[in-house]
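# Structure assessment
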Amino acid sequence: MDALVALCKRRGFIFPGSDIYGGLAGTWDYGPLGVMLKNNVKKLWWKRFVEDRDDMFGVDAAILMNPRAWEASGHVGGFADPMVECKKCNSRFRADQIGSQSKDDKSWKLPDACLNCKAKGAWAPVAQFNMMFKTHVGASQDSASVSYLRPETAQGMFVNFKNVLDTQHPKLPFGMAQIGKAFRNEIAPRDFLFRSREFEQMEIEYFVNPKAWEKTFEHFLEQMHGFIADVGLTKAKVSDFEVAKEDLAHYSKRTIDIEFEYPFGKKELYGLAYRTDFDLKQHSEFSKVDLSYYDEESKERFIPHCIEPSFGVDRTVLAALTDAYTEDSLGGEGEKRVYLRLSPNIAPYRVAVFPLLRNKPALVEKAREVYKNLKKVIPNVDFDDNGNIGKRYRRQDEIGTPYCVTVDFDTVEKGTGVTVRDRDTGKQERVKIEELVGYLRLGK
Ligand code: ATP
């Protein structure tokens, strides 16, 4: 992990948030290459789940919402983690991460000593800590102005259910999809992007007749694995974890966590939940707006039930980066090489174009032409004429570019095409310029 975090900083993928001020715990800033990678993940998701379907409606709701929405959803009352504080050094920990709770009398078993200052028997009682970031809307600071930064994107879709119904007139089943920021005041942010206080989610609320929930749940489980394959994660590192009935969230009748084998252990990547009619019912009650649906075929009026596939953008980026990070001996002369084996579907640059030598105008001109023409078809193409060719390969390997195209003397003098080097094998082949796009097989 340390090597990956260092690579991310060195190559401009991800920096600690507010870096020049010493950082801010639980925040990360994406640099130029990180933004490209993250945007590719989001584009891939939006294509599969929105553009390629005719039953999905995109929304982009406000991050600040009427606080009543968070009362209705249960977040004001219950979006909390158990927290324990050391009375000696005031360090705070998540009780469920450092200890365990008895199923019978709900008492907590904690380590003897504080994990920070090693003081024994210094734990304060375990308390519930609400993870929503509170803020004030408008100039006054009274309780009437309190609002929250959303801890999930989901509620922005439930509160727009009627707007979508009234403007798009969809028939059940249909879904709403949204990509956006979410904020949680995590007690112990950790493991790089895995648990941060500001992150991005890609969520779907898919509305069905309650009779169809099981079939829809299975459909989305399969779709989620399809997306994971598109991202290119190693299949053997991904598994489904069925959440036990007694551990289900208050709104859920069934939840599967899709887990990924991160370097720090097997942890949740995505979640799939059957939320029943809980949210629409709650929002109906709290807003006094009817959120029912009239089914013309069965002549029934009911509150639709909801299946929610929920994806973390940053956990996807982290899974892809940890999975892709590889060291081998291709560096030459016993030198190790570091490269990112990213899928072409998400790699920041899908291909890089070089002139063999930067001081030969004929090579540079031809390389620029090849670059411009490729860019018309493939948006993320890099042009690189810095340093020698070996250095350029090393740089492109480290940022995960699947192919490097080099314009050399044979290209301009004999018209025999360009060389294409494969990132993973280091092998080079000569390819005719007009066959380049077909050869590169750049996936989705
Ligand atoms: P965890 O149990 O790991 O805290 P969760 O079950 O609370 O996660 P959900 O509420 O289901 O997570 O959120 C949906 C998705 O949002 C998660 O599957 C994950 O990908 C992402 N996510 C949740 N919390 C964080 C966080 N603090 N940092 C980064 N991503 C997160």
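Residues numbered from 1 in each chain as written. Predicted model: local features only at pLDDT ≥ 70, side-chain atom pairs only at ≥ 80, totals over all residues.

## A few points about the overall build of the protein
Basically, it comes down to this: Helix numbers and strand numbers start at the N terminus; a helix is a DSSP run of H or I with at least 4 residues, a strand a run of E with at least 2. Counting other C-beta atoms within 10 Å of each residue's C-beta, where C-beta atoms are placed from the backbone, gives the exposure class: buried for 20 or more, exposed for 12 or fewer, partly exposed between.
Scanning the protein from N- to C-terminus turns up 14 helices and 25 strands. Seen through its principal axes, the protein has C-alpha atoms that stretch 75 × 65 × 50 Å. Among the 444 residues that make up the protein, the fraction classed as buried is 35%.

## Some details on the site of the ligand
Here is the rule: Working rule for contacts: place C-beta from the backbone, and if it is within 6 Å of a molecule or strand, that residue counts as near it.
Around the ligand sit 14 residues in total, of which Phe199, Gly271, Ser310, Gly312 and Arg315 are the nearest. Looking at the shell around the ligand, the elements that each hand over two or more residues are β12 (198-208), β15 (265-276), β18 (305-312) and α10 (313-324). It is β15 that contributes the most residues to the shell around the ligand, 3 residues altogether.

## So, helix α11 (residues 361-377)
Stated formally: By this rule, a helix spans an expected 1.5 Å times one less than how many residues it contains. Each C-beta atom gives one direction from the helix axis, and the arc is the one those directions make. Contacts are defined on C-beta atoms placed from the backbone: any two residues whose C-beta positions lie within 7 Å are in contact.
Here α11 spans 25 Å end to end across 17 residues, near enough to the 24 Å set by a 1.5 Å rise per residue. Of all the residues in α11, the buried ones are Leu363, Ala367, Val370, Tyr371 and Leu374. Considered in projection along α11, the buried side chains sweep an arc of 105° and stay on one side of the axis. Away from the buried face of α11 by more than 90 degrees, exposed residues Pro361, Glu365, Lys372 and Lys376 are located. Of the surrounding elements, those touching the buried residues of α11 are β21 (351-355), β22 (381-383), β23 (403-407), α13 (409-413), β24 (418-422) and α14 (436-440).

## A short note on unusual backbone geometry
Omega for the bond connecting Leu172 with Pro173 falls within 30 degrees of zero, at -5°, which places this linkage in the cis form. Looking at the secondary structure, you find Pro173 in the loop between α7 (161-168) and β11 (174-183). For Lys118, which is not glycine, the phi dihedral falls at a positive 70°. Examined against the element boundaries, Lys118 turns out to sit in the loop between β7 (108-109) and β8 (127-130). Unusually for a residue other than glycine, Asp191 sits at a positive phi of about 60°.

## Considering the environment of Val76
In this structure, Val76 sits in helix α4 (residues 75-78). Val76 sits in the partly exposed class, given 17 other C-beta atoms within 10 Å. Expressed as a C-alpha distance, the spacing of Val76 and Met131, which sit 55 residues apart in the sequence, is 9.4 Å. Those residues within four positions of Val76 in sequence are excluded, and the remaining contacts are Trp70 and Glu71.

## Describing the domain arrangement of the protein
Note the cut-off: For the domain bounds, the source is a domain assignment made automatically or taken from a database.
What the domain assignment lists for the protein is domain 1 (2-66 + 151-320) and domain 2 (349-442). If you average the C-alpha positions of domain 1 and of domain 2, the two centres end up 37 Å apart.

## As for the pairing of β15
Stated precisely, the cut-off is as follows: Paired strands, in this sense, are two strands between which DSSP finds at least two bridges.
Relative to β15, strand β14 (residues 254-262) is paired through 9 bridges, and the arrangement is antiparallel. In the sheet register, Tyr262 faces β15, and the bridge partner there is Gly265. Where β14 folds back onto β15 in an antiparallel hairpin, the turn is made up of 2 residues. Inspection of the sheet shows β15 paired to β18 by 6 bridges, in the antiparallel sense. Residue pairing in the sheet places Tyr270 in a bridge with Phe311 of β18.

## Quick look at the sheet that holds strand β25 (residues 428-431)
Note the following rule: The angle between two axes is taken between their N-to-C directions and runs from 0 to 180 degrees, where each axis is a line fitted to C-alpha atoms and a helix contributes only its stretch in contact.
Sheet architecture is open: 5 strands sit in the order β22-β21-β23-β24-β25, paired in mixed fashion. Unpaired on one side and paired on the other, β22 and β25 mark the two borders of the sheet. Strand-to-strand twist in this sheet, taken as the mean axis angle between neighbours without regard to direction, amounts to 25°. In terms of strand pairing, β23 meets β24 through 4 bridges, oriented antiparallel. In the sheet register, Tyr403 faces β24, and the bridge partner there is Asp422.

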